[in-house]
Each structure stands twice: as C-alpha cells, then as structure tokens.
Amino acid sequence: MSDDLVRLDGVAKHFPVGGGFFGRTAARVKAVDGVSFGIREGQTFGLVGESGCGKSTIAMLLVKLLEPTAGRLTFEGADLARLDRGAMKDFRRRVQIVFQDPYGSLDPRQTMLKALIEPLFTLKVVADRAAAVARAERALEMVGLDREVLKRLPHELSGGQRQRLVVARALAVGPRFVILDEPTSSVDVSLQAQILSLLAELKRGQGLTYLLISHNLVVIRYMSDVVAVMYLGKIVEMASSEELFTRPLHPYTVALISAIPVPDPEASTIAALAKGDVPSPVNLPSGCRYHSRCPYAQTVCREQEPPLRELRAGHYGACHFPGVAASAVPYRPES
Ligand code: SF4
C-alpha cells in the first residue's frame, strides 16, 4: 500500500460543452486527463502551469467540489468516492482549501467572528460558543492578526488581513492537508513574501501537508519540495524542486523557467521558447499536446503522445526528446 497521504491515480475530469442539436453534448473539455501523483505527509507539492491547464480543477476534485470522470483519489488511504457520512465529515475537517480570492470566499455581510466560528459548528469541531471563540482567537494568533478584527466585515480589512483571515479559518478546524490555490495572487508584491513565510512557518509548526497551486514559478520554487508541471490537463514533468529547476527536461518547463523576469537589466533578451497561445482544450492537438508551440517538435511529436516516464531517478517527463531544450535555460531563480 502507498504511504502517500494523498494520491491521484489516472484521474480525469471532462466537462461536456453544449451547442449540439436538442441540447446534446457537442464536445468535451478535458480539463484533467489522466493525472497521477502522490503527496507524502509533511511535503509541499507544487502544481504549476498556465491558467486553464487543469490545476484548479485538481484542487476542486481533491475537496470533492467536483467528482472525477475517471480515476481514483485517496486521502489517508481511503477512496474519496467511498466515504460514508461519518468519514465525509472527518474528511471535510482534515482537508481544507484556501482559495485565491479571499474577498470572494467571505460573506460580505458576515463579521470575521462569524466567518471563523461557523465552520467549527458545521464540522462539529466544538460543542459551544466559548470553545469556538477561543479556537478562533488561537487561529488569529497563529496568522498574526489581532482579535480586534473579529468584529469587522470583509471590506473593513486590508488585502493582507483578508488573506491571513482565510488562512486562519482553514487552520481553525485543525486540518492535516491544506490546498493553497494561488495564495498570494490577490495581495501586493510587498505582502507576498510575508504571506509565504507565514505559510511555511505554519506548515512547520502545525505539521501540515500542502498542495500549492500557482502560475508563479518563483513562489513554487520557494515553497515546494516536489513540483509537477501541467499543460492542457496533463502532467508533463515532475521532480524534486531542486532537480526540476536546475535540470529541467521538458521544453515547456524550460519555457516557463525562461519566462521568469531576469533581475538584471544588462542580461540578454530571452529567446521565445514557446510559440503562440495555448490551444483550446476542446480541440486538443494530436500527439504531444505541446507540439504546436514547441520549437523542437518533430513528426513523431505530432503523431504519438509521449507517456510520462521516469527519465532520471525520481524525475518524470513526457517528451520524445527530453533535455533537447535544457541548454536554453538562461536564468534560474536562487534557492
Ligand atoms: Fe516538444 Fe516533441 Fe517533446 Fe512535445 S514531445 S515537448 S513536441 S520535443
């Protein structure tokens, strides 16, 4: 049996698209298409890719806001499709998600006290109001917020306070696994580092395991132990963070790393490594999904889809010519 805390095996999520006669399904968007990976206890697993690649759909599947079209998801070894009522309640407490828009995930008419204590009652974490308030105050302390924010409404908080508040709400119920979906995208650059340090500190202090979803490679590099790169519903490369950022093998990963802004105005211009836009997920390219943008594409790339395979120990890639673009990486962010 796997000792992963979280596992996805061959997971797919296809969305029907209407438009056919009599409301029939005209096409399917393959948002996630056969994804497998595991997350060990205590790890931060980074999932990176452009918007629309399927990473947020994976988050929704993992918290059961969506059901998979195919495949299996497990948490603590239990199949998420087979949780009974009791196990489901426990799962809802032990797996929490922090969405990218804290303003959108808070009720504008609800005070912060209510926002914090409501889930504690819903999930039966506490028996009475005094215990709920005490727990809410402890969670606020963990994220560095004063208890004075409890009487405020969401619009009365700054962006940074709102972000800390939603982290506190997730932590108040005592989770084991937290999904962070673009946790710094709604705050100013000056606050991003603070939020990331706080999340790293909380992980150590509370013994948490994270799935970190971001399109920002610097954030992913800073936070993650293992990184998976997604493109059009598939994982195209996966390795330890150190290995992936220093020895990337897939041309798409190389393109992403090369697109990180260079902090040196004298540095030479980066070559465009990915051509054009991401193709429509309704009409996927044949063979390798990246071939229409890949400067290294050959005939075989257009005809055969490369499987994700182990290319070096613990380093997986889905490319017919792994390493072909590696020498083009002009800048690697500092550890
Ligand atoms: Fe590029 Fe071919 Fe590799 Fe796809 S399989 S990434 S098209 S070289």
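Placed above this text is the structure.
Residues numbered from 1 in each chain as written. Predicted model: local features only at pLDDT ≥ 70, side-chain atom pairs only at ≥ 80, totals over all residues. Heavy atoms only, no water.

What follows concerns helix 4 (residues 129-142). Taking 1.5 Å per residue as the helical rise, helix 4 with its 14 residues ought to reach 20 Å, and the 20 Å between its terminal C-alpha atoms agrees with that figure. Turning to helix 4, its buried residues number three or more, namely Ala132, Val133, Ala136, Ala139 and Leu140. When helix 4 is viewed along its axis, its buried side chains cluster within an angular range of 125 degrees and face the same direction. Along helix 4, the residues that are exposed and aim more than 90 degrees away from the buried face are Ala130 and Glu141. Close packing links the buried residues of helix 4 with helix 3 (112-122) and helix 5 (159-172). For helix 4, the N-terminal cap is Asp128; the gap from its side-chain oxygen to the backbone nitrogen of Ala130 is 3.2 Å. Downstream of helix 4 by a residue or two, Gly144 has a phi angle that is positive, lying close to 75 degrees. (Helix = DSSP H or I, 4+ residues; strand = E, 2+ residues; numbered from the N terminus. Expected span 1.5 Å × (residues − 1). Buried < 20%, exposed > 50% of the residue type's maximum accessible area, 1.4 Å probe, protein only. Arc of directions from axis to C-beta. Contact = heavy atoms within 4.5 Å. Polar contact = N/O pair within 3.5 Å; in protein donor to acceptor, adjacent residues only side chain to side chain.)

Taken together, 13 residues are adjacent to the ligand, and Cys288, Cys294, Cys301, Cys319 and His320 come closest. Among the cavities detected, the one that contains the ligand is the largest cavity. Split into classes, the residues belonging to the shell around the ligand amount to 10 nonpolar, 3 polar and no charged. (Near = heavy atom within 4 Å. 1 Å grid on protein atoms, 1.4 Å probe; cavity = no way out; pocket = protein on both sides within 12 Å on 5 of 7 lines; lining within 4 Å. Sits in = over half its atoms within 2 Å of the grid points. Nonpolar A, V, L, I, M, F, W, Y, C, P; charged D, E, K, R; others polar.)

For any two helices packed against each other, one specifies the crossing angle of their axes together with the interaxial distance. Here helix 5 crosses helix 6 (residues 189-206) at 15 degrees, and the two axes come no closer than 11 Å. Of the possible angle classes, the one that applies to helix 5 and helix 6 is roughly parallel. Note that helix 5 runs across helix 6; the crossing there is right-handed. Where helix 5 approaches helix 6, its residues Gly160, Gln163, Arg164, Val167 and Leu171 are matched on the opposing element by Leu191, Gln194, Ile195, Leu198, Leu199 and Leu202. Considered class by class, the residues forming the contact of helix 5 with helix 6 number 7 nonpolar, 3 polar and 1 charged. (Axes fitted to C-alpha atoms, helices over the stretch in contact; angles between N-to-C directions. Parallel < 35°, antiparallel > 145°, perpendicular 65-115°, else oblique. Left-handed = near helix turned anticlockwise from the far one by under 90°.)

Another aspect to go through is empty space enclosed by the protein. Under the defined criterion, the tally for this structure stands at 2 cavities of 30 Å³ or more. Its boundaries defined by the atoms lining it, the largest cavity holds a volume of some 90 Å³. In terms of lining residues, the largest cavity is bounded by 13 residues, among which Pro251, Cys288, Cys294, Cys301 and Cys319 are the most central. Of the voids in this model, the second largest cavity is the one considered here, and its volume is about 30 Å³. (Points joined across faces, edges and corners; volume = space filled by probe spheres on them.)

Remember that the coordinates give geometry; whether it matters functionally is a separate question.
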